[in-house]
Every structure is written in structure tokens, then in C-alpha cells.
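# Notes for the structure review
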Amino acid sequence: MSTVESITLMLALVYSTSLLYWSGKKWGALVSATLLVGATLASFFWPLLLILLVAVLIVTAVGQYQPTFANAEGRPNTIREICQHFFALSILLVGVQYAINAGFLYAGEIPWIMRPDVGDAFLPIAGGIELKAILTLGLWDQNHPAAVVMLCVVLLTGIVCKRAFCGWACPLGLAGEYLYKLRKKVVHAELLPPAWIDWPLRMLKYLLLAALCYLVFSMPSASIPHYLSGNYHKVADLKMAIFFMMPSITALIGFSLIFALAAWRRQGFCRYICPYGALLGIMSFLSPFKIRRDTQHCLIESKGMSCDKCTRACPANISVHTQKNIRSDECQACMRCVSACPKKQALHFSTRNGIKLSARGLLIVLLTIMFMLPLFAYVGGYWHSQTPDNIKMELIQKLDRIGH
Ligand code: SF4
Ligand code: SF4
């Protein structure tokens, strides 16, 4: 496991374990700590153990000097923003480490810096094909195992806590937020499309998802072993990297449109284009957690006042104050509505039978799913790519000639 991956993973898991402890879930903290230490020891990778110790020291030191931050007791908005920036920083560092590794390969030298396998998260089609291979053939891919692990991680977050991945972890969502704020500084007006245009535009991401699913499902199972052992799959990550680092004119026009969309409308990219957002939107219907408005406490019903602070805070334009349960596939569980509500008990993220998940609770769930599964995959030997560096060095020289 690369340095950036190890540090991020250990910090996240030690922090989520400490949050369990601070929330009074002592048994949960004990189970989490046991799993974490057990998996680290079972990995037989001593740097991981060292990083675990350093992560414990860091989290303890932060707890000493910044207890509110360490206990995640702030407003939901603050907790979410810290989480988003943590993920964005880690992905940025992963990108830098990946680029250095690829640079060495391109120069024909064995890289002294490891390739971060988590970069395979950007290969959702490969992940889908690998999942199909596991389910239909019992075949486990050795070239990009992290692709299917990360696909399962994202799917699981959707099933458990709606589109919290989009609202709390996705660095593209955060970048879009900054672009939108920048645009608002220049052009103040809110330029929302009418509902009859908004709905078909929202369906675009589902069409894109359908096209990607078609690529996966239309591949006959008998062809999958050939595909997974082929050169195209071996360098799928490098092809993706080149696509982003040296984009063609068409790709540049596409990126500009996406940036314009993100700047034009808050969450414009997530709402209209992102196929991952579409996948999570579908998964979110399975989640038992929803934003629920308690009419006994809401100012509208309990005091007869007029209030729509939750609706005005919602980046997805959901009319929160007129509904009891938010079922919308656009809800990213961002909890901005909860943060904006003046009545503490009027809005929560909860199940139908009243199990509530605070912002801190959601953070624990998200960090546990997103980091414990990759750790188990790593310990089980299904994380690190087995493609030898000399094969990659050879293939990277003829990337443009390698097709499906
Ligand atoms: S309904 Fe609440 S949690 Fe859902 S997107 Fe809107 S503000 Fe965020
Ligand atoms: S902000 Fe709170 S009190 Fe106001 S309408 Fe929404 S849920 Fe009710």
C-alpha cells in the first residue's frame, strides 16, 4: 500500500474509532479498534503498523488541543466541510504520487515511488466488468483489483447512507462548489432552469449510466477472461490518466462544458451529468435513512409560523419544508437543511423507526465503509495491482496503439 493511501486510511480509521468512543459507543470503538489492529498485524506490512501508531498519536494530540474538532461536535456543515477537504487533499496527493510513478514508467525507469492503487476508483467500467467476472465466473482480476473494491465501497455507501458519498467525500463535488461560489461573486443572479427543462436534464446522468451499464452487461461472460488479461485492461489506468493530463480538443470542450455547468448551477455536474451520482441516486432508494421533518417540532405546524430555512439551504433545490420524508434521488445527505433549521429536533437524518444518525454518526459510518473495506481487501491480498512494472514500461510507450 502506498504512503498516501496508508496515511489516509489509518488517520480515517483511527479518527472514526475515536469518534465511536466519544459518542459513548464504547463497544463499537472496541470492535473497530480490534479490527483495525488485527487487520494491520495480519497485513505483515510493518510501515502500516508504524503509520497506525503515528495516527493514534496525531488523533490524541488533536483531541488534547482541539477537543471540539476531535470529537466532531461542531455544526453538521463544519463537520462535512472538514471531511470533504480531507478527501480532496488525499485525492490530490494520490494524483501527485500516481503522476510521479507514471513519469518514471514513461522514462523507462523502475519507479521508487509506489503506484497508489486507490486511483483505480476512477475505472468504474473496469470495476463493473470485474464484478461481473467475480459473480458469473468466480474470476478475480489481478490487474486492477482496487477498481471493483472501490465500486463496492461506493455502492455500499449508497445503500447505507444515500448519496452521502457525493455530499461528503467526492472531490469533484467540492470543486464544483468552489466554481459555483466563484461564479456567484461575478454574476450574482441565480439562473435556475424551469422545472420542465430541469427534469429532462437530470435524466441525462441516468442515460450516461445506462450507456456505461450497457458496456458492462453487453460483454459476454466468455470474453471477460480475455479482456481482463489483455493489454488494454492492464493500462486502462494509464490511458485514463493520459486522457485527463493531455486532453484532446474534444475532451477540452467537454471539460469546459462541465466546468460551465458546475459554475452555472450549484451541484450542476452532480445533478445533470455524473453517472456515479445516478448510480448512487438509484442505490439511495434502498437506504433506510432519509431526512425526516418532525411536524411536532417544525415551526410551521407546531407554532403556525412561516419558515422555509431548510428549503433555502438545500443545494439540490428540494422543498424540504413541505415534505415529511425526503425521498429525492438528489438528496446528498449533506445536512445543510439540518444545520439551517432553528429548531433542533425538527429535522433529522433517520430511519422510519426513529434511529437517528447525527453528522458525527454519518461521518463514522462513511469513514468506516470507505476505509475498512479497502483495508480488508488489502489484507486479503486483493488490492495491489499485480501487473509488473516492466510490462507497464513497455506498454506505456505504445498507449495510443492499444485498443480493446
Ligand atoms: S434535503 Fe437536506 S440533506 Fe438533502 S440535499 Fe437538501 S440540504 Fe442536503
Ligand atoms: S427550517 Fe426547521 S422549522 Fe423551518 S420549516 Fe424547515 S424543518 Fe421546519
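What you are looking at is a predicted structure, and each value in this text was computed from that prediction instead of being measured.

## Regarding the pairing of strand E1 (residues 290-293)
Going residue by residue along E1, you find Lys-290 and Arg-292 tucked away on one face and Ile-291 and Arg-293 tucked away on the opposite face as well. Sheet topology places E1 next to strand E3 (residues 347-350); four bridges connect them, and they run antiparallel. If you follow Ile-291 over to E3, its bridge partner there is Phe-349.

## Concerning the site of ligand 2
Around ligand 2 sit Arg-293, Cys-298, Leu-299, Ile-300, Cys-307, Lys-309, Cys-310, His-321, Cys-341, Pro-342 and Leu-347, and that is every residue in its neighbourhood. Within the residue set of the shell around ligand 2, elements represented by two or more residues are helix H17 (299-303) and helix H18 (309-313). For the shell around ligand 2, the residue count by class is eight nonpolar, one polar and two charged.

## Topic: the pattern of salt bridges
All told, the structure shown has 17 salt bridges when counted by the stated rule. Note that Arg-183 is salt-bridged to Glu-190, the shortest N-O span being 3.9 Å. Residue Glu-330 is joined to Arg-202 by a salt bridge in which the shortest nitrogen-to-oxygen separation is 2.9 Å. Here Glu-330, found in the loop between strand E2 (325-326) and helix H19 (336-340), pairs with Arg-202, found in helix H10 (residues 195-217); they are 128 residues apart in sequence, far enough to count as distant. Taking the relative accessible area as the measure of exposure, Arg-202 reaches 15% and is therefore buried. Salt bridges sharing common partners tie together Arg-163, Arg-202, Lys-205, Asp-329 and Glu-330.

## Focus on the packing of aromatic side chains
Scanning the model with the defined rule gives 12 aromatic pairs in all. With a centroid separation of 5.8 Å and 75° between ring planes, the pair formed by Phe-104 and Trp-112 is classed as edge-to-face. Owing to a relative accessible area of 18%, Phe-104 belongs among the buried residues under this scheme. For Trp-112, a relative accessible area of 65% corresponds to the exposed category.

## Some words on the site of ligand 1
Close contacts around ligand 1 come from Ile-291, Cys-314, Pro-315, Val-320, Cys-331, Gln-332, Ala-333, Cys-334, Met-335, Arg-336 and Cys-337, and that covers them all. Its residues placed into classes, the shell around ligand 1 shows nine nonpolar, one polar and one charged.

## Topic: the UniProt feature "transmembrane region" (unreviewed entry) in the protein chain
If you check UniProt for "transmembrane region" (unreviewed entry), the listed places come out as residues 7-24, 44-65, 86-107, 146-175, 206-228, 240-264 and 362-383 in our numbering. Helix makes up 95% of residues 86-107 and strand makes up 0%, while its end C-alpha atoms are separated by 32 Å. Within the segment residues 240-264, helix and strand shares are 88% and 0% respectively, and the terminal C-alpha atoms sit 27 Å apart.

## Focus: the domain arrangement of the protein chain
What the domain assignment lists for the protein chain is domain 1 (1-73), domain 2 (75-283 + 361-401) and domain 3 (290-350). Its C-alpha centre places domain 2 at a distance of 31 Å from the equivalent point of domain 3. Both faces combined, the contact of domain 2 with domain 3 buries some 1,900 Å², and carbon together with sulfur accounts for 41% of it. Its largest share of buried area at the contact with domain 3, domain 2 owes to Lys-162, Arg-163 and Gln-267, together 31% of the area lost on that side. In this assembly, domain 2 and domain 3 are joined by five salt bridges. The partner of Arg-202 in a salt bridge is Asp-329, with the nearest N and O atoms 3.0 Å apart.

Conventions adopted
Residues numbered from 1 in each chain as written. Chains lettered and ligands numbered in written order. Predicted model: local features only at pLDDT ≥ 70, side-chain atom pairs only at ≥ 80, totals over all residues. Heavy atoms only, no water. Buried < 20%, exposed > 50% of the residue type's maximum accessible area, 1.4 Å probe, protein only. Helix = DSSP H or I, 4+ residues; strand = E, 2+ residues; numbered from the N terminus. Pairing = 2+ DSSP bridges. Near = heavy atom within 4 Å. Nonpolar A, V, L, I, M, F, W, Y, C, P; charged D, E, K, R; others polar. Salt bridge = Lys/Arg side-chain N within 4 Å of Asp/Glu carboxyl O. Phe/Tyr/Trp six-rings, centres within 6.5 Å; stacked < 30°, edge-to-face > 60°. UniProt positions renumbered as here; feature names shortened; annotations may be inferred. Domains from an automatic or database assignment. Buried area = accessible area lost by both parts, 1.4 Å probe.

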